[in-house]
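# Structural description and commentary
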Amino acid sequence: MSTHHTASAAQATAPATRIPQHRSYLMCRPEHFTVSYTINPWMEPAKPTDTAKALAQWQVLYDTYVALGHDVQLIDPVEGLPDMVYTANGGFVIDGVAYGAKFRFAERAPEGPAFMDWFRENGFEVVEPVEVNEGEGDFLLVGDTMLAGTGFRSTGDSHRELGDVFGKEVVSLTLIDPRFYHLDTAISVLDPVQGPGGVEKANIAYLPSAFDDASRGVLEDRFPDAILVADEDGAVFGLNSASDGLNVLISPRATGFETQLRERGYNPVLIDLSELLLGGGGIKCCTLELRHGQETTR
Ligand code: ARG
């Protein structure tokens, strides 16, 4: 009797079997990386940057994706656009359709058309944006729902435009801490949109203190099983991570988050992008997911 009890208790707490899903990503080598202007609280132009170090750290991220079996495409870096390495901001792509970015600040404005050209040249259907939005920096696909951030960069009007473009539900969330100015600095999508054998319940990790009360309420309602990440892990950009459903690439400084991921059956992979953090970006910022369409057939 007691043996039976122990067995079922163990079963209830055993980590789920996580299944990695093949991903396609767009990245940009930080050949022209530097910090020459300030558009977020992390950027201090007076602090020296080391482009060679940024390149070496970025290369580890690239090599890790390739080693995990993912497909990584590259967009050519443009001189004078030091933030182009943060490709997550270049657009938002679902089913072969790329909704282009329209950047909040003039310093990054030319990146919008550069990314749209790349999408067109590589077979994506491009929707030119009317509203200010910073792509996958503020838009995250979770299951069949699009979470959309506002407060610092993308506007509320862009959330409506996003819904019109993709015809999916949009959940608007308001960011309140200037250090976490993009949604991908405060939420990490952990599970695949669709795994083998059907739709898995998609889960997220998030930093509660980055959101206003109403948005926190929405997140609690929708994601009761979410991993709540501590402020100290958020402050080292722990949430700015990339998951394939099993392997979660995170900052080595986010040690609490690393433990939480292990407890849930994920495999944390530690990637140090300290140099790119000087520009206010991390792993996810350097990664744009290219959802071509064939892998999301229903
Ligand atoms: N310096 C860039 C900016 O402020 C960093 C962008 C980070 N990207 C991201 N997806 N969070 O726009």
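Preceding block: the structure.
The text that follows walks through the structure, step by step, so that each part is easy to find. (Residues numbered from 1 in each chain as written. Predicted model: local features only at pLDDT ≥ 70, side-chain atom pairs only at ≥ 80, totals over all residues. Heavy atoms only, no water.)

### Some remarks on the side chain of Ser24
Topologically, Ser24 is positioned in strand β1 (residues 24–27). Residue classification places Ser24 among the buried positions, given a relative accessible area of 6%. Ignoring anything within four residues of it in the chain, the contact list for Ser24 reads Asp71, Leu288, Glu289, Leu290 and His292. (Helix = DSSP H or I, 4+ residues; strand = E, 2+ residues; numbered from the N terminus. Buried < 20%, exposed > 50% of the residue type's maximum accessible area, 1.4 Å probe, protein only. Contact = heavy atoms within 4.5 Å.)

### Re the site of the ligand
With respect to spatial proximity, 17 residues lie near the ligand, and among them Asn40, Arg108, Asp184, Gly279 and Cys285 are the closest. Within the side chain of Asn40, one N or O atom sits 2.8 Å away from an oxygen atom of the ligand. At 2.7 Å, a backbone N or O of Gly279 approaches a nitrogen atom of the ligand. Surface burial for the ligand is 100%, taken as the share of its 350 Å² of free accessible area covered by protein chains. Per-class residue counts for the shell around the ligand are 6 nonpolar, 7 polar and 4 charged. (Near = heavy atom within 4 Å. Polar contact = N/O pair within 3.5 Å; in protein donor to acceptor, adjacent residues only side chain to side chain. Areas by Shrake-Rupley, 256 points an atom, 1.4 Å probe, with all protein chains shown as cover. Nonpolar A, V, L, I, M, F, W, Y, C, P; charged D, E, K, R; others polar.)

### Examining helix α3 (residues 111–121)
Buried residues of α3: Glu111, Gly112, Phe115, Met116, Trp118 and Phe119, and no others. Seen from one end, α3 has its buried residues packed into an arc of 160°, which puts them on one side. Structurally, α3 contributes buried residues whose contacts are with β1, β2 (71–74), β3 (91–94), β4 (97–100), β5 (125–127) and β15 (288–289). Count one or two residues on from α3 and you reach Gly123, which has phi positive near 85°. (Arc of directions from axis to C-beta.)

### Brief notes about the sheet that holds strand β11 (residues 227–228)
A sheet is described by the order of its strands in space; here 3 strands give the open sequence β9-β10-β11, paired in mixed fashion. For this open sheet the edge positions go to β9 (187–189) and β11, each flanked by a neighbour on one side alone. The pairing of β9 with strand β10 (residues 204–206) spans 3 bridges and is classified as antiparallel. By the bridge assignment, Ile187 is partnered in β10 with Tyr206. (Pairing = 2+ DSSP bridges.)

### Re the sheet that holds strand β8 (residues 169–174)
Spatially, 3 strands are ordered β6-β7-β8 in an open sheet, and the strand pairing comes out mixed. Each of the sheet's edge strands pairs with one partner strand only, and the pair in question is β6 (139–142) and β8. Here the strands of the sheet are splayed against their neighbours by 25° on average, with no regard to which way each runs. Alignment of strand β7 (residues 145–150) against β8, held across 6 bridges, turns out to be parallel. (Axes fitted to C-alpha atoms, helices over the stretch in contact; angles between N-to-C directions.)

### Thoughts on the pattern of salt bridges
One pass over the full model with this rule turns up 20 salt bridges. Its salt-bridge partner being Arg153, residue Glu134 comes within 2.8 Å of it at the nearest N-O pair. Of this pair, Glu134 sits in the loop between β5 and β6 while Arg153 sits in the loop between β7 and α4 (156–166); the two residues are 19 residues apart in sequence, bridging distant segments of the chain. The same class applies to Glu134 and to Arg153, which are both buried. Among the ionic pairs, Arg291 bridges to Glu136, the shortest N-O distance being 3.0 Å. Linking Arg291 in the segment after β15 with Glu136 in the loop between β5 and β6, this pair joins segments that are 155 residues apart in sequence. Three or more residues joined by partner-sharing salt bridges are found here, namely Arg23, Glu136, Lys284, Glu289 and Arg291. (Salt bridge = Lys/Arg side-chain N within 4 Å of Asp/Glu carboxyl O.)

### Some remarks on the packing of aromatic side chains
Counted under the stated rule, the structure contains 10 aromatic pairs. Each ring, one from Trp42 and one from Phe237, has its centre 4.7 Å from the other, and the planes form 70°; the classification is edge-to-face. With Trp42 in the loop between β1 and α2 (51–67) and Phe237 in the loop between α6 (231–234) and β12 (242–243), this residue pair connects regions lying 195 residues apart in the sequence. Given the relative accessible area of 19%, Trp42 is considered buried. Each ring, one from Trp58 and one from Tyr62, has its centre 5.6 Å from the other, and the planes form 25°; the classification is stacked. With Trp58 and Tyr62 both in helix α2 and 4 residues apart, the pair spans about one turn of that helix. A relative accessible area of 1% places Trp58 in the buried class. We note Arg18 situated over the ring of Tyr266; from NZ or CZ to the ring centre the distance is 4.2 Å. (Phe/Tyr/Trp six-rings, centres within 6.5 Å; stacked < 30°, edge-to-face > 60°. Lys NZ or Arg CZ within 6 Å of the ring centre and 35° of its normal.)

### As for the nonpolar core
In terms of nonpolar packing, the biggest core is built from 36 residues, with Leu147, Ile187 and Phe211 touching the most fellow members. For this core, the elements supplying multiple residues, two or more each, are β6, β8, β9, β10, β13 (247–250) and α7 (255–263). Per-element tally for this core: the top contributor is β10, with 3 residues. Not counting residues within four places of it along the chain, the set of residues in contact with Leu147 comprises Asp138, Phe139, Leu140, Val142, Val171, Leu173, Leu183, Ile187 and Phe223. With 24 residues, the next largest nonpolar core counts Met27, Tyr37, Met43 and Trp58 among its residues. (Core = buried A, V, L, I, M, F, W, Y, C linked by side-chain atoms within 4.5 Å.)

### Comments concerning the side chain of Arg23
By the element assignment, Arg23 lies in the loop between α1 (2–13) and β1. Of the residues examined, Arg23 reaches a relative accessible area of 6% and is grouped as buried. Side chain to side chain, Arg23 and Glu289 meet in a polar contact 2.7 Å long.

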